[in-house]
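An overview of the molecular structure
Here is how the chains run, residue by residue.
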Amino acid sequence: MISFSTPIFLLGSLFIGLLSQFALATPTLVTKDVYVPPITYPTANAVWSVGEVQTVTWDVSTPPQQITNPNGRIFLRAGDRTTPLVLANNFNILDGKVNITVPNVLTRNDYSIVLFGDSGNFSPQFQIKGVDL
Ligand SMILES: *[C@@H]1O[C@H](CO)[C@@H](O)[C@H](O)[C@H]1NC(C)=O
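Description of the structure in this document. Bear in mind that the values here come from a model prediction, so they are computed numbers and not experimental data. (Residues numbered from 1 in each chain as written. Predicted model: local features only at pLDDT ≥ 70, side-chain atom pairs only at ≥ 80, totals over all residues. Heavy atoms only, no water.)

Take the overall build of the chain next. Each helix and strand counted, the chain has one helix and nine strands in total. Listing the helices and strands of the chain from first to last along the sequence gives α-β-β-β-β-β-β-β-β-β. Looking at the chain as a whole, 30% of its 133 residues are labelled buried. The contacts in the chain between residues at least 6 apart in sequence include a share of 62% that link residues at least 24 apart. (Helix = DSSP H or I, 4+ residues; strand = E, 2+ residues; numbered from the N terminus. Buried < 20%, exposed > 50% of the residue type's maximum accessible area, 1.4 Å probe, protein only. Contact = heavy atoms within 4.5 Å.)

Structure (structure tokens):
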């Protein structure tokens, strides 16, 4: 005869109880730790020229308590494609700004930048005056 008060049964229900708490808690933790701060510059009316130093800025007023990856990276995007051009790397995502040098690219009015920390965030599209072929 199985008694529900045997130690093994108690251990088993404790284990299942811990598992279900973990399952419930996990999505909340993941959501809280992903930090995607909005880019405040460049804006849609920015015009950059090749070789200039420009200051990219983003809003760090509401950071989460814990950030999974504090290392920021900024890539240049052209149209709907992210280019391999790294404009900045290894800065703290909580800095709120970083200086970049505008790379030697073709003139286009649909560039944007992607700021990566935990996740990526795009700026609006803007113009870079560069090389005209
Ligand atoms: C970033 O660029 C701005 C504007 O060109 C300049 O005033 C500032 O000194 C630069 N900061 C650093 C850390 O290079």
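Now that the structure is up, let's keep going.
Bringing the sheet that holds strand β3 (residues 53-58) into the picture now. Taken in spatial order, the three strands line up as β1-β3-β6 in an open sheet, and their pairing is antiparallel. The sheet is open, and its two edges are formed by β1 (39-41) and β6 (97-101), each paired on a single side. With strand direction ignored, the average angle separating the axes of adjacent strands in the sheet is 35°. (Pairing = 2+ DSSP bridges. Axes fitted to C-alpha atoms, helices over the stretch in contact; angles between N-to-C directions.)

Here we come to the environment of D118. Mapped onto the fold, D118 is located in the loop between β7 (108-116) and β8 (120-122). Sequence spacing of D118 and P70 is 48 residues, and the spatial spacing of their C-alpha atoms is 7.4 Å.

Taken together, V53, T55 and N99 make up all the residues around the ligand. N99 places a side-chain nitrogen or oxygen 2.4 Å from an oxygen atom of the ligand. Burial of the ligand by the surrounding chains reaches 23%, relative to a free accessible area of 360 Å². (Near = heavy atom within 4 Å. Polar contact = N/O pair within 3.5 Å; in protein donor to acceptor, adjacent residues only side chain to side chain. Areas by Shrake-Rupley, 256 points an atom, 1.4 Å probe, with all protein chains shown as cover.)

Residue P42 follows Y41 across a cis peptide bond; omega there is 10°. Within the secondary structure, P42 sits in the loop between β1 and β2 (47-49). In this structure, N90 takes a positive phi of about 60° despite not being glycine. Tracing the backbone shows N90 in strand β5 (residues 81-92).

Attention now goes to the packing of aromatic side chains. This model, assessed by the stated rule, comprises four aromatic pairs. Look at W58 and F91: their rings are 5.5 Å apart centre to centre, the planes differ by 45°, and that puts the pair in the tilted class. Here the residue W58 occupies a position in strand β3, and F91 occupies one in strand β5, the gap between them amounting to 33 residues. Residue class for W58 comes out buried when judged on its relative accessible area of 3%. Centre to centre, the rings of F75 and F116 are 5.7 Å apart; their planes meet at 85°, and the pair counts as edge-to-face. Of this pair, F75 sits in strand β4 (residues 71-78) while F116 sits in strand β7; the two residues are 41 residues apart in sequence, bridging distant segments of the chain. Given a relative accessible area of 16%, F75 falls into the buried group. (Phe/Tyr/Trp six-rings, centres within 6.5 Å; stacked < 30°, edge-to-face > 60°.)

No statement about biological role is implied by the geometric values presented.
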